[in-house]
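Listed here are the chains, written in short residue letters.
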Amino acid sequence: AQTVTQSQPEMSVQEAETVTLSCTYDTSESDYYLFWYKQPPSRQMILVIRQEAYKQQNATENRFSVNFQKAAKSFSLKISDSQLGDAAMYFCAYRRWDSSYKLIFGSGTRLLVRP
Amino acid sequence: GAVVSQHPSWVICKSGTSVKIECRSLDFQATTMFWYRQFPKQSLMLMATSNEGSKATYEQGVEKDKFLINHASLTLSTLTVTSAHPEDSSFYICSAREQNTQYFGPGTRLTVL
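Just so it is clear, the model here is predicted, and its values are computed rather than measured.

## Concerning the environment of Thr-27 of chain A
Residue and element names in this part refer to chain A. By the secondary structure assignment, Thr-27 is in the loop between β4 (24-26) and β5 (32-39). On the basis of relative accessibility, which here comes to 7%, the residue Thr-27 falls in the buried class. Sequence separation between Thr-27 and Arg-96 is 69 residues; the distance between their C-alpha atoms is 9.2 Å. Those residues within four positions of Thr-27 in sequence are excluded, and the remaining contacts are Gln-2, Tyr-32, Lys-73 and Tyr-94. A distance of 3.1 Å separates a polar side-chain atom of Thr-27 from the backbone nitrogen of Glu-29. A polar atom in the side chain of Thr-27 sits 2.7 Å from the side chain of Tyr-94.

As structure tokens, then:
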């Protein structure tokens, strides 16, 4: 069975600086999807970024980018120019390349942004 | 695009009563929706997969007779917590699938007295 590990329960970053959140996963499959979701205090889960495993190019969305290392099974999220509104729980998630569409979530990393 | 709503956002009920939570995809059709439960400071736990026009698929350990799921249309899935008890108090979140991505509703906080 696949597992997703987020080893950093909490991270802190100064406003305007860059922070990287770590995520590793375990799978024997070659095709799959990876996601980062953000959950602010409102508890609304928001999609941050998505990566298809067959794509070598790292996904980017404005200030958010990933470092996808398939061989190492690593999927870290980099947030540049951090803003106060980035403070939230961040969950890494894995989805198999099948018709179940189920997500397997990591335990989450709480990001604090210092003004 | 890809907006999912949930209603109600907060509900308090007495022990032994039933509560229905609605999940709607507002700007897309979703053949598959998901129901999660989240305890404080924890990750999301998948309860069941809801497929339009067919029976839901429940995860191991989830009581299907207690958590009734109906997905009657391509934009609506409902979760009914039957004979609710205080241990059912939690934050329930739904998501709807659009192509290869799940989009989440804002969640429903259930408190059972």
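## Notes on the packing of aromatic side chains
Residues and elements named next belong to chain A. Scanning the entire structure with this criterion turns up 17 aromatic pairs over all chains. Note on Tyr-54 and Trp-97: the rings are 5.7 Å apart at their centroids and 80 degrees apart in plane angle, and the pair reads as edge-to-face. Of this pair, Tyr-54 sits in the loop between β6 (46-52) and β7 (60-61) while Trp-97 sits in the loop between β10 (88-96) and β11 (103-105), placing them 43 residues apart in sequence. Classification of Tyr-54 by relative accessible area gives partly exposed; the value is 47%.

## Section: a nonpolar patch on the surface
All names here are of chain B. On the surface, a cluster of nonpolar side chains totalling about 370 Å² of accessible area is made up of Trp-10, Ile-12 and Leu-113. Here Leu-113 lies in the segment after β11 (108-112). A relative accessible area of 62% means that Leu-113 is categorised as exposed.

Conventions used here
Residues numbered from 1 in each chain as written. Chains lettered and ligands numbered in written order. Predicted model: local features only at pLDDT ≥ 70, side-chain atom pairs only at ≥ 80, totals over all residues. Heavy atoms only, no water. Helix = DSSP H or I, 4+ residues; strand = E, 2+ residues; numbered from the N terminus. Buried < 20%, exposed > 50% of the residue type's maximum accessible area, 1.4 Å probe, protein only. Contact = heavy atoms within 4.5 Å. Polar contact = N/O pair within 3.5 Å; in protein donor to acceptor, adjacent residues only side chain to side chain. Phe/Tyr/Trp six-rings, centres within 6.5 Å; stacked < 30°, edge-to-face > 60°. Patch = residues over 30% accessible without salt bridge, like charges linked within 9 Å, V, L, I, M, F, W, Y side chains within 5 Å. Areas by Shrake-Rupley, 256 points an atom, 1.4 Å probe, with all protein chains shown as cover. Salt bridge = Lys/Arg side-chain N within 4 Å of Asp/Glu carboxyl O.

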